[in-house]
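What follows is each chain in one-letter form.
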Amino acid sequence: MQVGWKTLLNKRGMMWRKLDDDTKANINETTAIQVMLDSPSIIKRPVFETGSEIHVGFNKNMYRSIFS
């Protein structure tokens, strides 16, 4: 199973705010992948797999249900 670039790209973090306005305005799959390769810290964390599911980002309730 895979997750898409929109799920992985952290648009709420400091690295997103540091991108130039043109890049942010014209983001697509190709540019997002390049941005994530150039600045891996822009990838939303944590990313982990449980069985056949991939989880991205922190959600207290999700963690509680997975790890309880």
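Heads up: the structure comes first, above all this text.
No experiment lies behind these values; they were computed from the predicted model shown.

Draft legend 1. The overall build of the protein chain, seen in detail. In terms of helices and strands, the protein chain carries 5 helices and 2 strands. By its C-alpha atoms, the protein chain is 45 × 25 × 15 Å across when sized along the principal axes. In the protein chain, the proportion of contacts linking residues at least 24 apart, taken out of those at least 6 apart, comes to 41%. Summed over its atoms, the accessible surface of the protein chain is roughly 5200 Å², and 51% of this surface lies on carbon and sulfur atoms. Charged side chains in the protein chain number 10 positive and 7 negative. The centres of these two groups are separated by 12 Å.

Draft legend 2. Structural context of the side chain of His-55. Structurally, His-55 is set in strand E2 (residues 53-56). A relative accessible area of 8% means that His-55 is categorised as buried. At 2.8 Å, the side chain of His-55 and the side chain of Thr-50 are in polar contact. If near-sequence neighbours (up to four positions away) are discounted, His-55 is found in contact with Pro-46, Val-47, Phe-48, Thr-50, Met-62 and Ile-66.

Draft legend 3. Structural detail: the packing of aromatic side chains. If you walk through the whole model with that rule in mind, you get 4 aromatic pairs. For the pair Phe-48 and Phe-67, a centre-to-centre distance of 5.8 Å together with 35 degrees between the ring planes defines the contact as tilted. Here Phe-48 is found in strand E1 (residues 47-50), whereas its partner Phe-67 is found in helix H5 (residues 60-67), with 19 residues between them in sequence. A connected cluster of aromatic rings, assembled from ring pairs, spans Phe-48, Phe-58, Tyr-63 and Phe-67.

Draft legend 4. Region of interest: the environment of Met-36. Mapped onto the elements of the fold, Met-36 is located in helix H4 (residues 29-38). Among the residues examined, Met-36 registers a relative accessible area of 10% and is labelled buried. The spacing of Met-36 and Asn-10 is 26 residues in sequence and 9.5 Å in space, taken between C-alpha atoms. Not counting chain neighbours up to four residues away, the residues in contact with Met-36 comprise Trp-5, Leu-8, Leu-9, Ile-42 and Ile-43.

The rules behind these values
- Residues numbered from 1 in each chain as written.
- Predicted model: local features only at pLDDT ≥ 70, side-chain atom pairs only at ≥ 80, totals over all residues.
- Heavy atoms only, no water.
- Helix = DSSP H or I, 4+ residues; strand = E, 2+ residues; numbered from the N terminus.
- Contact = heavy atoms within 4.5 Å.
- Areas by Shrake-Rupley, 256 points an atom, 1.4 Å probe, with all protein chains shown as cover.
- Lys, Arg positive; Asp, Glu negative; His and termini not counted.
- Charge placed at Lys NZ, Arg CZ, Asp CG, Glu CD.
- Buried < 20%, exposed > 50% of the residue type's maximum accessible area, 1.4 Å probe, protein only.
- Polar contact = N/O pair within 3.5 Å; in protein donor to acceptor, adjacent residues only side chain to side chain.
- Phe/Tyr/Trp six-rings, centres within 6.5 Å; stacked < 30°, edge-to-face > 60°.

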